Amino acid sequence: MKSLFDKISFDCSKNVTKSYSTSFSAAVKMLAPSIRQDIYNVYGFVRCADEIVDTFHDYDKAVLFEMFEKDLETALQNKISLNPVLNSFQHTVHKYAIPQTMITAFMNSMKLDLHKKEYNTIDEFNDYIYGSADVVGLMCLKVFVNGDVNKFSELEHSAMRLGSAFQKVNFLRDLKTDYEDLNRTYFPNTDLSRLDEHSKDAIIKEIEADFEAGFQGILKLPLEAKFGVYTAYIYYKKLLSKLKKTPSIEIKNTRIRVPDYQKFGILAKCYVNYRLNLL
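One structure accompanies this document, and this report is about it.

### Let's talk about the overall build of the chain
For the chain, the helix and strand inventory stands at 13 helices and 0 strands. Ordered by position in the sequence, the α and β elements of the chain form the string α-α-α-α-α-α-α-α-α-α-α-α-α. A burial count over the chain gives 51% of its 279 residues as buried. Sequence separation of 24 or more characterises 70% of the internal contacts of the chain that already satisfy a separation of 6 or more.

### Topic: unusual backbone geometry
Backbone geometry at K79 places phi at a positive 60°, although glycine is not the residue there. Along the polypeptide, K79 turns up in the loop between helix 4 (61-78) and helix 5 (84-96). You will see that A97, though not glycine, has its phi angle at about 55°, which is positive. In this fold, A97 is placed in the loop between helix 5 and helix 6 (100-112).

### Points about the side chain of K116
Assignment of secondary structure puts K116 in the loop between helix 6 and helix 7 (122-144). Side-chain polar atoms of K116 contact the backbone oxygen of E118, separated by 3.4 Å. For K116, the contacting residues outside a window of four places in its chain are E124 and R184.

### A few points about the pattern of salt bridges
Two side chains that carry opposite charge are able to pair once their charged atoms sit near each other. Evaluation of the coordinates by the stated rule reveals 18 salt bridges. Across the salt bridge formed by K2 and D6, the nearest N and O atoms sit 2.7 Å from each other. You can see K2 and its partner D6 sitting in helix 1 (residues 2-20), 4 residues apart, about one turn around the helix. Look at K2 and you get partly exposed, because its relative accessible area is 35%.

About the cut-offs
- Residues numbered from 1 in each chain as written.
- Predicted model: local features only at pLDDT ≥ 70, side-chain atom pairs only at ≥ 80, totals over all residues.
- Heavy atoms only, no water.
- Helix = DSSP H or I, 4+ residues; strand = E, 2+ residues; numbered from the N terminus.
- Buried < 20%, exposed > 50% of the residue type's maximum accessible area, 1.4 Å probe, protein only.
- Contact = heavy atoms within 4.5 Å.
- Polar contact = N/O pair within 3.5 Å; in protein donor to acceptor, adjacent residues only side chain to side chain.
- Salt bridge = Lys/Arg side-chain N within 4 Å of Asp/Glu carboxyl O.

Set out below in structure tokens:
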């Protein structure tokens, strides 16, 4: 039965989320059950695409990505795929009428990671961020507002800014891996081999501005989504705070993390703020 295969597909996307990101998985658990699975479905899709270009070093990444792209096209067209992650993703795409333009923009940014090693202009950087992060935020927003076109339009800008903030924090946290292992440089006009405090502070100020704009949108989210998105926001703000306090030389040589005990503290604080209607 198709319903059984769909359940297996949904479980697969959920397991992908839990296996690859304990932090994001914890935030998803704070969403209402009615929308939780669809966010797993979106994350499972973007994670698989990202893994192809970032980690499958012993294989021909370009060939794998082309296969994934063709399977995605078939899944969206036929509303089914034997790839469980793509089967669950197409379900969410059709359920919430996620535009093809968003999916195409995401895939284009992922494709850049197959060959592009540095971003020399602000426009190049912003285009990559839009495809790799902003549209993911917009896909999730489609789920959060449950088809409300006016609400989506109202929150579209803040969702993009929040997606940008999350991505830029990831870039700053993963400088060592991106630069040494993948030979990539995302931030334009910044020599990461000689990252200094001035350059680091400029990047952080940009991220803080994105967070401020994103937070204004969180306040207006439907109740089903507000607590979960707020939890992710506070977690990334904590990461940014740690990066801000870390000397630039250390950021280049290590990956900054939030310990599990601090994650539990973040979750407790978020819950209290939410229950006291402080959002």
